[in-house]
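What follows is each chain in one-letter form.
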Amino acid sequence: MTPSNAASSPDPTVQPVPASVVRQVDAADSTLHNPKRAVLSIGANLGNRLENLQGAVDALEDTPGVRVKAVSRIYETSPVGVPEGEQPDYFNAVVLVKTTLPPSSLLERAQAIEEAFERVRDVRWGPRTLDVDIVSYQGVTSAEPALTLPHPRAHERAFVLVPWHDVEPGAEVPGHGPLRELLPTVERAGVRLRDDLTLVLPD
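Note that the coordinates shown come from a computational prediction; the quantities given were computed from them, not determined experimentally.

## What about the environment of Ala38?
Within the secondary structure, Ala38 is located in strand 1 (residues 36-44). With relative accessibility at 0%, the residue Ala38 sits in the buried group. The spacing of Ala38 and Pro103 is 65 residues in sequence and 8.9 Å in space, taken between C-alpha atoms. Other than its neighbours up to four places away in sequence, Ala38 contacts Val95, Leu96, Val97, Leu106, Ser136 and Tyr137.

## Some points on the side chain of His151
Assignment of secondary structure puts His151 in the loop between strand 7 (147-149) and helix 4 (158-167). For His151, a relative accessible area of 12% puts it in the buried group. Every residue in contact with His151, bar those within four places of it in the chain, is listed here: Asp133, Ile134, Val135 and Arg157.

## A closer look at the confidence of the model for the chain
Taken over all residues, the pLDDT of the chain has a mean of 84, while the share at 70 or more is 80%. Of all the helices and strands in the chain, helix 1 (residues 19-29) carries the lowest mean pLDDT, 53, while strand 4 (residues 90-99) carries the highest, 97. Predicted confidence is poor over residues 1-17, with pLDDT under 50, and the contacts of this stretch with residues over four places away or in other chains come to 30 contacts.

## Some thoughts on unusual backbone geometry
In this structure, the amide linkage connecting Leu149 to the following residue, Pro150, adopts the cis form with an omega of -10°. Mapped onto the elements, Pro150 comes out in the loop between strand 7 and helix 4. Not every positive phi belongs to a glycine, and Gln138 is a case in point at roughly 50°. Tracing the backbone shows Gln138 in the loop between strand 5 (131-137) and strand 6 (142-144).

Rules behind the numbers
- Residues numbered from 1 in each chain as written.
- Predicted model: local features only at pLDDT ≥ 70, side-chain atom pairs only at ≥ 80, totals over all residues.
- Heavy atoms only, no water.
- Helix = DSSP H or I, 4+ residues; strand = E, 2+ residues; numbered from the N terminus.
- Buried < 20%, exposed > 50% of the residue type's maximum accessible area, 1.4 Å probe, protein only.
- Contact = heavy atoms within 4.5 Å.
- pLDDT = per-residue confidence, 0-100.

Here it is in structure tokens:
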């Protein structure tokens, strides 16, 4: 489930996955026909941030045609695009899924989950109860206005790259390069690991 690290020593950022969880996920895969791999970024800075993120993970797993494969650790991050102190800090994580849904349908589901958590979209860069973004979908590149793939700013955002590297260190952002090469180029000072908090992988 978690890709092996190419380095000679274990990568300390990669969480070990219990064998029982791997078996459950592999069994779940049998319900999908020719699934595609997608990466989603989830974040929240309003309400109960931990419950909101866990709710997003659970809602994705409850979606027909979607199976959650891995969930990163949680990071507390400073809001992007607003003056310091203007908004609460975010909790951010990355979710890897396998899905038979096309990108447009996965986007519709992501937006429906946001709306279920009363996401408000009246201000750009505004605070939010839940944000569910499709970062990457099976290496697809698309410039469609409704859904640009990969996410147009993912390669610049530490709050996406750091948790993504947790669960898929060998991954690449299509058109931008491997995570291991992108991470040194982004500012990581505002990204803090919350190792006291955990998101639960659905059964």
